[in-house]
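# Summary of the model geometry
Chain residues, written in single-letter form:
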Amino acid sequence: MPLTLTDKVSALSGVGPKREQALQDLGIFTIDDLLSYYPYRYDDLGERLPSETLDGEKVTFKGVISTPAVVRRYGKRSQTAIGLLVDRENVRVTFFNQPWIAKNLEVGQEVAVYGTYNAAKAALTAIKLVPASIDGLAPIYPVSKAIKAKTIAELVEQAWGQLRGSLPNLVPTALREKYRLLDKNQQVEYSHFPKDKVESKAGRRSAAFEEFFLFQMRLQLIKQADQRFLGEALNYDKKQVADFIQSLPFQLTGAQQRVVDEILADQAAPQHMNRLLQGDVGSGKTVVAAIAMYAAVTAGAQGAIMAPTEILAQQHAKGLAKLFESAGIHLRVELLTSGLKAAQRRQILEDLESGDIDIVVGTHALVQDGVYFHHLGVAVIDEQHRFGVKQRAKLREGGVNPDILAMTATPIPRTLAITAYGEMEVSIIDELPAGRKPIITSQLSNRQYDQAIDLLRAELAKGAQAYVVTPLIEESETLDVQNVTAVYQELQEALPDYTVGLLHGRLPKEDKDVLMAGFANNDVQVLVATTVIEVGVDVPNASIMLILDADRFGLAQLHQLRGRVGRGDRQSYTVLLADPKTDYGKERLAALVQTTDGFELAQRDLELRGSGDILGTKQSGMPDFKVGDPVKDLTMLTIAQEEALKLVRQPDWEQEVDNQALVDKLSTTMAAYRHFD
Ligand SMILES: Nc1ncnc2c1ncn2[C@@H]1O[C@H](COP(=O)(O)OP(=O)(O)OP(=O)(O)O)[C@@H](O)[C@H]1O
């Protein structure tokens, strides 16, 4: 049977259950996955002359051995050196710790050596001998411990040997011509087996476009499907909503007012709303969500808000209840989390279905089976990246198709957000409430811990509260707990006049609740915690945060953490305790000291990392591209979006494009949405 793209990788010889598992762990299930598993870089095995080579460059020199191998031993270590005549230049080549190699190196023999060139000394530190016949670039694949790059290369070769020339194009011909993209077979060939950099670049460019194009086709199809299930034109009570906004304890910022208008307009329109609300930490997204939910309630519908953690859900529930109460609005706000007792849960589910509950706040429990709404008008998803498309789809089940408002504090440059969240409209709160004093951030060495505690004491003496954050240690929860507990005990002794609380992921839910309530009421003044407090905790009286071993956190995470202070009128402080060892570590902390602007930090982080990593990762909910880089290749991503949009707008695009392979590839996405029709 000839090999096909949809075959499992186990169809290849040499792939048993163990290897198959290792491949699956890398996301490679089918032959198609394997052939789309592109190298992340190439070793340049093409031969070159020393005079064409830069200092420090990795290069292959092909030449004739001119001096016999000399082996020097230093205990367990060794150096083996030869002279290599490359064209007319003599290069000294040194192999480290491979004494046995000497016997393969005879004067007069022709060899090719791959290594790092030192121009000043005309010396090459050898990485490996390569067969003299090899020319071009050797693909290097991202791998895991369980499988070697070489194995992947061999499997790709095996599969390609059988399928070469037979792959259908996914990108329509017209587009390939317009943007001078390669035919699929050439794309695969050039990506895996380029002869030179021109080929590898061309392969990568076409592969990136294909990836973006498929991604955008999916987004646009989802968007189109979304628009097809008509939302509902919520007939909300303008006066009541205006009164609510009037009665808030503060005035909305201009940015808040603008996004509120955008959201209310969406809600009132017959189309279904699918909007992303982006705003830096502390910019006041929650109250915007409250207004949207209240509008739904005035129209006789319900509102729901889903939070990523129980602590946050509780906080939202309490905060919302207080907000409405202080405005003299009588609403029923309930909390639905997995921690509820069965009877309580049953009651809440009943009241949700009968419409007795106006606003429900919860975690993932909200999108579980058996949760039915009487009439859900708007669903707010806090930190949207923690919820997938499936859960969103779940909200639509039972015929309801609520407006969706996703909120995130991850700052993403606007153009990028618009393309990457192509299925959503984007609203941005780019202004902090008036009167906020920028948080003062400082960095101290770990040896200056006492000084940090003095700062903390000074704040406590003013009646303020404090956070002390300890990091994740090597991903081990047990060690984290030990660490955070030790810090807690120490602080209890150091601060006898204050109540110190301890919060970590292992605590029973009730204890967490009691503690968070205590901190919110100022019964607890110092909260020692692991990163469980990362998102959304809102205690405006807290004015100082100590972050221990701050270099163990990522920049975005530190920014989120820091956002827990500076939420009220007090001047707030963040003290980063760390002795960063790497430049990246130092610059990351310096960036935090220098600016409190999340967008600027996101940009800095990008530059420091030098890649789209920050956006590609799980953290931010941005799609994970394998080849394309949404930051560096933004123009291409935008083009892919425009073209996908143009295509799906044609009523018969499936016939129009005349590309069955593309239609097949997208069929799952379409099917997932078809059953809502
Ligand atoms: N316009 C405003 N003027 C003054 N205070 C405000 C305003 N809007 C919100 N606040 C207050 O600012 C604090 C932060 O607001 P909120 O919790 O909504 O921020 P957020 O954007 O959700 O932040 P995070 O992403 O950090 O959770 C709250 O205490 C809130 O009451």
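Residue positions are given per chain, counting from 1 as you read along its sequence in written order. Per-residue local features of the predicted model are confined to residues with pLDDT of at least 70, and side-chain atom pairs are confined, for both listing and counting, to 80 or more; whole-chain, interface and lining totals are unaffected and use all residues.

## Points about the overall build of the chain
On a plain count of helices and strands, the chain comes out with 24 helices and 20 strands. To sort residues by burial, count the other C-beta atoms lying within 10 Å of each one's C-beta; a count of 20 or more means buried, 12 or fewer means exposed, and anything in between means partly exposed. C-beta atoms are built from the backbone. The 677 residues of the chain split such that 42% are buried. Where helices and strands are cited, they refer to DSSP runs of H or I of at least four residues and of E of at least two residues respectively, numbered from the N terminus.

## A closer look at the sheet that holds strand S6 (residues 123-130)
Sheets are built from strands that pair by backbone hydrogen bonding, the pairs being arranged parallel or antiparallel. A pair of strands is considered paired only if DSSP assigns at least 2 bridges between the two. Reading around the circumference, S2-S3-S4-S6-S5 is the order of the 5 strands in this closed barrel, with mixed pairing throughout. Each strand axis lies, on average, 50° off the axis of its neighbour in the sheet, ignoring direction. Where strand S2 (residues 58-74) meets strand S3 (residues 77-86), 8 bridges bridge the pair, whose relative direction is antiparallel. Bridge assignment links Val70 to a residue of S3, and that residue is Ala81. An axis is simply a line fitted to the C-alpha atoms; with a helix, the fit covers only the stretch in contact. Between two such axes, the angle follows the N-to-C directions and lies from 0 to 180 degrees.

## Overview of the nonpolar core
Membership of the largest hydrophobic core comes to 106 residues, with the highest contact counts inside it found for Ala292, Met293, Val380 and Leu405. Contact between residues is assigned whenever the C-beta positions, reconstructed from backbone atoms, fall within 7 Å. Beyond its immediate sequence surroundings of up to four residues, Leu405 is in contact with Ile263, Met273, Arg275, Leu277, Ala289, Ala292, Val378 and Val380. In terms of nonpolar packing, the next biggest core, distinct from the first, is built from 42 residues, Tyr38, Leu175, Leu219 and Leu662 among them. Among buried residues, those of type Ala, Val, Leu, Ile, Met, Phe, Trp, Tyr and Cys that are joined through C-beta atoms within 7 Å form a set called a nonpolar core.

## Some words on the environment of Leu456
Relative to the elements of secondary structure, Leu456 occurs in helix H14 (residues 449-461). Each C-alpha atom of the pair Leu456 and Leu546 lies 8.0 Å from the other, and the pair is 90 residues apart in sequence.

## Here's the deal with the packing of helix H8 (residues 254-268) against helix H9 (residues 285-298)
Running from N to C, H8 and H9 cross one another at 30°; their axes reach a closest spacing of 10 Å. One element, H8, and the other, H9, form an angle in the roughly parallel class. The interaxial crossing formed by H8 with H9 has right-handed handedness. On the side of H8, the interface is formed by Gln256, Val259, Val260, Ile263, Leu264 and Gln267, while H9 contributes Val288, Ile291, Ala292, Ala295 and Ala296. Working definition: roughly parallel below 35 degrees, roughly antiparallel above 145 degrees, roughly perpendicular at 65 to 115 degrees, and oblique for all remaining angles. Helix crossings are classified by the rotation of the near helix relative to the far one: an anticlockwise turn of less than a right angle makes the crossing left-handed, while a clockwise turn makes it right-handed.

## Side note on unusual backbone geometry
Backbone geometry at Ala122 places phi at a positive 45°, although glycine is not the residue there. Within the secondary structure, Ala122 sits in the loop between strand S5 (110-118) and S6.

## Topic: the pairing of S6
With 3 bridges connecting them, strand S4 (residues 89-96) and S6 associate as parallel partners. For Val93, the partnering residue across the bridge sits in S6 and is Leu124. Pairing of S5 with S6 involves 7 bridges; the strand directions are antiparallel. Looking at the pairing, Asn118 lines up with Ala123 of S6. Connecting the antiparallel pair S5 and S6 is a turn made up of 4 residues, with Ala122 showing a positive phi of about 45°.

## Regarding helix H17 (residues 555-562)
Among the 8 residues in H17, 6 count as buried, and that is most of the element. Every buried residue of H17 is listed here: Leu555, Leu558, His559, Gln560, Leu561 and Arg562.

## Side note on the sheet that holds strand S18 (residues 526-529)
The 6 strands are arranged S15-S20-S19-S16-S18-S17 in an open sheet whose pairing can be described as parallel. Each end of this open sheet is capped by a strand with a single partner; those strands are strand S15 (440-444) and strand S17 (500-503). Along the sheet, successive strands turn relative to each other by an average axial angle of 15°, direction set aside. Pairing geometry for strand S16 (residues 465-469) and S18, over 4 bridges, is parallel. Directly across from Ala466, in S18, lies its bridge partner Val526. In this fold helix H16 (residues 509-520) packs onto S16, S17 and S18, with an angle of close to 140° to the strand it touches most, S17. Each of S15 and strand S20 (573-577) is contacted by helix H18 (residues 583-594), which is oriented at about 150° to S15, the strand it contacts most.

## Details of the confidence of the model for the chain
The predicted coordinates of low-pLDDT regions are not to be read in fine detail. Every residue is assigned a pLDDT by the predictor, reflecting its confidence on a scale from 0 to 100. Chain-level pLDDT for the chain is 85 on average; 87% of the residues reach the 70-or-more range. Here helix H20 (residues 613-616) is the element of the chain with the lowest mean pLDDT, 39, and H9 is the one with the highest, 96. Every residue in residues 610-621 scores below 50 in pLDDT, and together they form 27 contacts with partners more than four places removed in sequence or on other chains. Confidence estimates for the predicted assembly give a pTM of 0.67 and an ipTM of 0.97.

## A few points about the site of the ligand
Whether a residue is near a molecule or strand depends on its C-beta atom, placed from the backbone, lying within 6 Å of it. As a matter of local geometry, the ligand sits amid 20 residues, with Phe250, Gly284, Lys285, Thr286 and Pro433 nearest to it. Considering every element that reaches the shell around the ligand, the biggest residue donor is H9, with 3 residues. In terms of residue class, the shell around the ligand is made up of 7 nonpolar, 10 polar and 3 charged. Here the term charged refers only to Asp, Glu, Lys and Arg, the term nonpolar to Ala, Val, Leu, Ile, Met, Phe, Trp, Tyr, Cys and Pro, and the term polar to all other amino acids, Gly among them.

## Here's the deal with H14
Multiplying one less than the number of residues by 1.5 Å gives the expected span of a helix. The end-to-end C-alpha separation of H14 is 18 Å, in line with the 18 Å expected for 13 residues at 1.5 Å each. Those residues of H14 not exposed but buried are Ala452, Leu456 and Glu459. All buried residues of H14 project into a common sector of 60° when viewed along the axis, lining one side. In H14, the exposed residues that point more than 90 degrees away from the buried face are Asp450, Asp454, Ala458 and Ala461. Considering only its buried residues, H14 is in contact with S15, S16, strand S19 (542-547) and S20. In the stretch just after H14, Gly463 is the one whose phi turns positive, near 90°. Throughout, the arc means the angular range of directions from the helix axis out to the C-beta atoms.

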